Amino acid sequence: MANRCPSKSMLTTGDENMRDYKIQRVYRKGEILYYENTPSLGLYSIRSGTVKIYTRDRTGKEIILKLATAGDMFGYGHFMGEKIHMDSAKAIEDTECDFINATELKLLMEQDSEFAESLFSMMGKELKDSQKKCKDLIRKNVRERLASYFDYMAKNHSEVEDGKIKIRVQLSREEIASIIGTASETAIRFISEFKEMGLIVEEDKFFHILKPEELISIGREQV
């Protein structure tokens, strides 16, 4: 096996220098990549599409932990001493992934310190993002969290259509409520408020952002 010296960008974009180690996989919308409590066999890196990372509480209610998109990596459990997945992963639109077997990736990490450093850097970013989400749940009210959600989606899961920012990922009201940590009824109420304020509009089941700057302003933590 030839030695590689991948940079962080290679890890996140599927650079051709990594092609010897990656298996390309395509998942259709609604397809499960893996379930919680099943064996953790390797690492996933998204080329295109969106994957919902989620778990369930004791009542079976779904809790969305993250929406992973192009450049994101997930399935770290095996490299954190966990032999099983601590969450589930589901494609919420057609998704193309690279998969790296845990055994082969472990060899790469042992052979190449720069590769290992890049991987741990990515894992550190994931931890930082998780900590930020926890702080937002504590410090921001539901209205602010919903505004931040739309701002995040506009920046990471959108396209411009007819001069408007179209959120290209379709999520139910229940899924949006899960992401921002509230009841479905509360999420629905504030979505209606944002519509009445002219901040967002819904067309053909897709949300469009009309006033992104106002959403950013609402989403800022109130002191």
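Scroll up for the structure.
Below is a short write-up of the structure. (Residues numbered from 1 in each chain as written. Predicted model: local features only at pLDDT ≥ 70, side-chain atom pairs only at ≥ 80, totals over all residues. Heavy atoms only, no water.)

**Describing the layout of surface pockets**
Within this model, the largest pocket holds a volume of roughly 1,500 Å³. Taken together, 47 residues form the lining of the largest pocket, with Leu65, Lys66, Asp129, Ser130 and Lys133 sitting closest to its centre. When residues of the lining of the largest pocket are traced back to their parent elements, those giving at least two are β5 (62-69), β6 (73-74), α3 (113-139), α4 (142-156), α5 (173-180) and α7 (212-219). If one sorts the elements of the lining of the largest pocket by residue count, α3 sits on top with 11 residues. Residues of the lining of the largest pocket, tallied by class, amount to 23 nonpolar, 9 polar and 15 charged. (1 Å grid on protein atoms, 1.4 Å probe; cavity = no way out; pocket = protein on both sides within 12 Å on 5 of 7 lines; lining within 4 Å. Points joined across faces, edges and corners; volume = space filled by probe spheres on them. Helix = DSSP H or I, 4+ residues; strand = E, 2+ residues; numbered from the N terminus. Nonpolar A, V, L, I, M, F, W, Y, C, P; charged D, E, K, R; others polar.)

**Overview of the nonpolar core**
One broad rule of soluble globular proteins: the nonpolar side chains tend to lie buried together. One finds Leu146, Tyr149, Phe150, Leu171, Phe194, Ile200 and Leu215 to be the most contacted residues of the largest nonpolar core, which totals 27 residues. Mapped onto this core, the elements with two or more residues apiece are β5, α4, α5, α6 (184-196), β12 (206-209) and α7. Of the residues forming this core, the biggest block, 7 residues, is contributed by α4. (Core = buried A, V, L, I, M, F, W, Y, C linked by side-chain atoms within 4.5 Å. Buried < 20%, exposed > 50% of the residue type's maximum accessible area, 1.4 Å probe, protein only.)

**Notes on the sheet that holds strand β2 (residues 32-34)**
Pairing in this open sheet of 4 strands is antiparallel, and the strands run β2-β7-β4-β5 from one edge to the other. Two strands in the sheet have a free side with no partner beyond their single neighbour: β2 and β5. Here the strands of the sheet are splayed against their neighbours by 30° on average, with no regard to which way each runs. In this sheet, β5 lies alongside strand β4 (residues 50-56) in antiparallel orientation, the contact comprising 7 bridges. Across the sheet, residue Val51 finds its bridge partner in β5, namely Ala68. (Pairing = 2+ DSSP bridges. Axes fitted to C-alpha atoms, helices over the stretch in contact; angles between N-to-C directions.)

**Remarks on unusual backbone geometry**
Of note in this structure, Asp162 is not a glycine but carries a positive phi near 55°. Within the secondary structure, Asp162 is located in the loop between β9 (158-161) and β10 (164-167). You can call Asp162 exposed: its relative accessible area is 73%. The phi dihedral of Asp204 is positive, around 55°, even though this residue is not glycine. Residue placement: Asp204 occurs in the loop between β11 (200-203) and β12.

**A closer look at the packing of α4 against α7**
At a minimum axis distance of 7 Å, the contact between α4 and α7 shows a crossing angle of 135°. Between α4 and α7, the angle is such that the two are oblique. Taken as a pair, α4 and α7 cross one another with a handedness that is left-handed. Facing α4, whose interface residues are Arg143, Glu144, Ala147, Ser148, Phe150, Asp151 and Lys155, α7 presents Leu215, Ile216, Ile218 and Gly219. The residue inventory of the contact of α4 with α7, partitioned by class, reads 5 nonpolar, 2 polar and 4 charged. (Parallel < 35°, antiparallel > 145°, perpendicular 65-115°, else oblique. Left-handed = near helix turned anticlockwise from the far one by under 90°. Contact = heavy atoms within 4.5 Å.)

Read these as geometric descriptors, not functional statements.
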